[in-house]
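Residues per chain are reported as follows:
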Amino acid sequence: MHQQPVHLFIRLGGIISFRRLASASIAILITGTGVLAAAPAAAASVVAASVEPVTETTQQGSDSSGPDADPDKSFAFYAGKNRTESGHTLIGGFGHEPSSHWLEIVPAQKHEAGSTMVVGATDEADMPGQLTEIPQTPETARYITSNYSEFAGFPAPLTNGGLNEHGVAARDVWSNSREELWDMTPPDQTGPSYSDLSRIAMERATSARDAVDILGALIDEYGYTTYGGNSHLFADENEGWVFVEYSGGLGLWAAERLSADDIRVSYPGYIQEFPVDAINGDNPDYVGSANLVDVAVQQGWWESAGRATMNLQDVYQQEFPTNDFEVGQDADPDDPAPYRNPVSLEGELESMDALTLQDAMRLVRDPRWSDDRSGYGQVAEIRDDLADPRLQTLWVAVTAAATAPYIPVMIGTGDVPIEYTQHRYLTAGASASYVSPEYAEQEATEFATQTYKRLMYAACARPEAYFEDVTAAFEGMEATSIDEHAEVIARASDAIESGDDSRAEEILTEFTSERATTGLGLGNYLLEDILERSTADGGIHRPDVDVPVGTAASERSLDMSMQGVSSRDRMNCDVGGGWADGSTVDRQGEYGDPADVPEFAAAATEADSTLTPVWIGVSALGGLLVGAGVVWLVSRRRRA
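Report follows, based on the coordinates. What you see is a predicted model; the values in this text were computed from it and never measured. (Residues numbered from 1 in each chain as written. Predicted model: local features only at pLDDT ≥ 70, side-chain atom pairs only at ≥ 80, totals over all residues. Heavy atoms only, no water.)

## Examining the overall build of the chain
- Across its full length, the chain carries 14 helices and 21 strands.
- Classification of the 640 residues of the chain by burial places 53% in the buried group.
- Summarising the internal contacts of the chain: among those between residues at least 6 apart in sequence, 74% fall at separations of at least 24.
- Counting every atom, the chain has about 27,100 Å² of accessible surface; 51% of that belongs to carbon and sulfur. (Helix = DSSP H or I, 4+ residues; strand = E, 2+ residues; numbered from the N terminus. Buried < 20%, exposed > 50% of the residue type's maximum accessible area, 1.4 Å probe, protein only. Contact = heavy atoms within 4.5 Å. Areas by Shrake-Rupley, 256 points an atom, 1.4 Å probe, with all protein chains shown as cover.)

Written out as structure tokens, the structure reads:
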């Protein structure tokens, strides 16, 4: 495949994959008032009655390693508008999932009275639960998101948030609860999962605080389905909120406000000092479930006497996977979870000058954490100076931003190129099924996620040789995108103000499509170039693995799954502290030179012009041979 000219690769798609979104789990949907009534009653009883201290494991199948011993699941940051150069809130991050990821613009919708939505988990989840139905709201907002097909056994499609038409952005990050809460989680847990809550926030929230109130009310009424502990980071043009939901089946949750002066990193998500009187709902900066203090006291995890605040990380969470480190300090190569200390990373951002959109992009792309498990990259600059909310923009890398460009997607963009939508590559359950004919042509197109994944594997196999070129090319392309974005927003704004909404949508859609197509063309060019260079420089690596005795197969046909558990065992381009010239902190300043973008369109044309005479000659020779054959057959028949 990689030997084809770039222009043919783009034109024909060239991707054949064998995975499709699994949907069979919906067949075991649990309905009826009994299940829905049970969750609120159970949640209410936690507040009213005492909670017995944990004496034995109640979560079936759990062990000392917990629901997931791999201590890194997603990354997010928030910078209040007083900490940014533009004076606008910045928020960004990515999800840590190995499954397929695709881009979607979900339209605003109206739902019939009595409509419901399915939430929760099945018994296939790492921490099993039950699917239930909860009421859907009458109207849901338009939003941009990255969907994916698998995490911890939850039914797909899954999401971590995105950006909605009200200018609310959301990120979702793991936040491991203490192990006793894992053990307390019932195997038939019910209520919205982390993904359900993320999607609901995008559908319903009109501000960051509104997202907190919506999620808190849902957990209070229906419970929460956990995979071990989770958090959300919400932001709007004025402020941010951290929301943490804890394991245990008790409906425990807490939220902390982030002001316009704050910087926050979730890696993992956390809340530390929490005023205990905030559970009464009178504190403007903190809020939590009514049982937040009582459970801690009853379990013996906190003594309330004479204390006005409770450190929620000490009481309900686990320690950060990584010890504190100084700004500029490289991780220990043997650390299985390098840089997983959000307070230390906040120190990095605090040390920088006023943050820019480009700094945010670079932070999410930083190879210290953007690697093979990073499902996508998102950055939003939430502006309060736009003529219309449809002009709010989410910058999206469809897979890990280390080797994928950011594409500007506006709320008013009509749709995204088909190459950026769902395909079967890496999609859970697809290897055991065939593609539906309804999706055949969609599947026949190139899948951008796979192309950029291939680029990661090619570049990160020899990062010292290639990663600098990949970064320079994508940052150069993005510098052009950022410059053109300002002009596109101005044109779309003029169209909206003149009453021509359809023209505004056309302007925005064309820009997103052109940038996405250009990015894919550039990605293909870089991929082909790297593979050609690697082929010339010693050839494509042959796996250095032992073939088991008695196995009649080569090493290229053995299991390709990664056997390690450390994040450094995964494919990554970190050459030690980030790029060769340092981390995001070290590289603040100039961002991207369009001159560093290869002339890949010209290269494709040149390849085409080189091949054309060859094909003309082949065609001519073929014609002569066919003609000669016909003459020979005719003359032979005449002789007969």
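## Things to note about the side chain of E203
- Looking at where E203 falls in the secondary structure, it is placed in helix 4 (residues 194-204).
- The charged side chain of E203 is buried without a salt bridge, its nearest counter-charge being R204 at 4.6 Å.
- Leaving out residues up to four positions away in the same chain, E203 has contacts with M117, Q136, E139, T140, A141 and Y143. (Lys, Arg positive; Asp, Glu negative; His and termini not counted. Salt bridge = Lys/Arg side-chain N within 4 Å of Asp/Glu carboxyl O.)

## Describing the nonpolar core
- Residues Y316 and Y420 are the most contacted members of the largest nonpolar core, which totals 130 residues.
- For this core, the element with the highest residue contribution is helix 5 (residues 208-222), accounting for eight residues.
- Among all residues touching Y420, those that are not within four sequence positions of it are W102, L103, V398, I407, A448, Y452, A516, G519 and L520.
- Among the nonpolar cores identified, the runner-up in size contains twelve residues, and L386, I489, A492 and L508 belong to it. (Core = buried A, V, L, I, M, F, W, Y, C linked by side-chain atoms within 4.5 Å.)

## Here's the deal with the pattern of salt bridges
- Under the defined criterion, the tally for this structure stands at 25 salt bridges.
- Residue E239 is joined to R257 by a salt bridge in which the shortest nitrogen-to-oxygen separation is 2.6 Å. Here R257 lies in strand 14 (residues 253-258) and E239 lies in the loop between strand 12 (230-235) and strand 13 (240-245), a separation of 18 residues in the sequence.
- Judged by its relative accessible area of 16%, E239 falls in the buried class.
- For R257, a relative accessible area of 28% translates into the label partly exposed.

## Quick notes on the side chain of S99
- Structurally, the position occupied by S99 is in the loop between strand 2 (89-94) and strand 3 (101-106).
- We classify S99 as buried; its relative accessible area is 7%.
- A distance of 3.3 Å separates a polar side-chain atom of S99 from the backbone nitrogen of S149.
- Within the local environment of S99, its side chain forms a polar contact with the backbone nitrogen of E150, the two atoms lying 3.2 Å apart.
- The residues touching S99, leaving out its near neighbours within four places in the chain, are Y148, S149, E150 and L426. (Polar contact = N/O pair within 3.5 Å; in protein donor to acceptor, adjacent residues only side chain to side chain.)

## Section: the sheet that holds strand 1 (residues 75-79)
- As summarised here, the arrangement of the six strands in space is 15-1-2-19-20-21, forming an open sheet in which the pairing is antiparallel. The open sheet is flanked by strand 15 (263-266) and strand 21 (407-410), the only strands paired with a single partner. Each strand of the sheet is rotated relative to its neighbour by a mean of 15°, with strand direction disregarded.
- Here strand 2 pairs with strand 19 (residues 377-382) via five bridges, running antiparallel. Paired with L90 across the strands is E381, a residue of strand 19.
- The sheet strands contacting helix 8 (residues 342-350) are strand 1 and strand 15, and the helix crosses strand 15 at an angle near 140°. (Pairing = 2+ DSSP bridges. Axes fitted to C-alpha atoms, helices over the stretch in contact; angles between N-to-C directions.)

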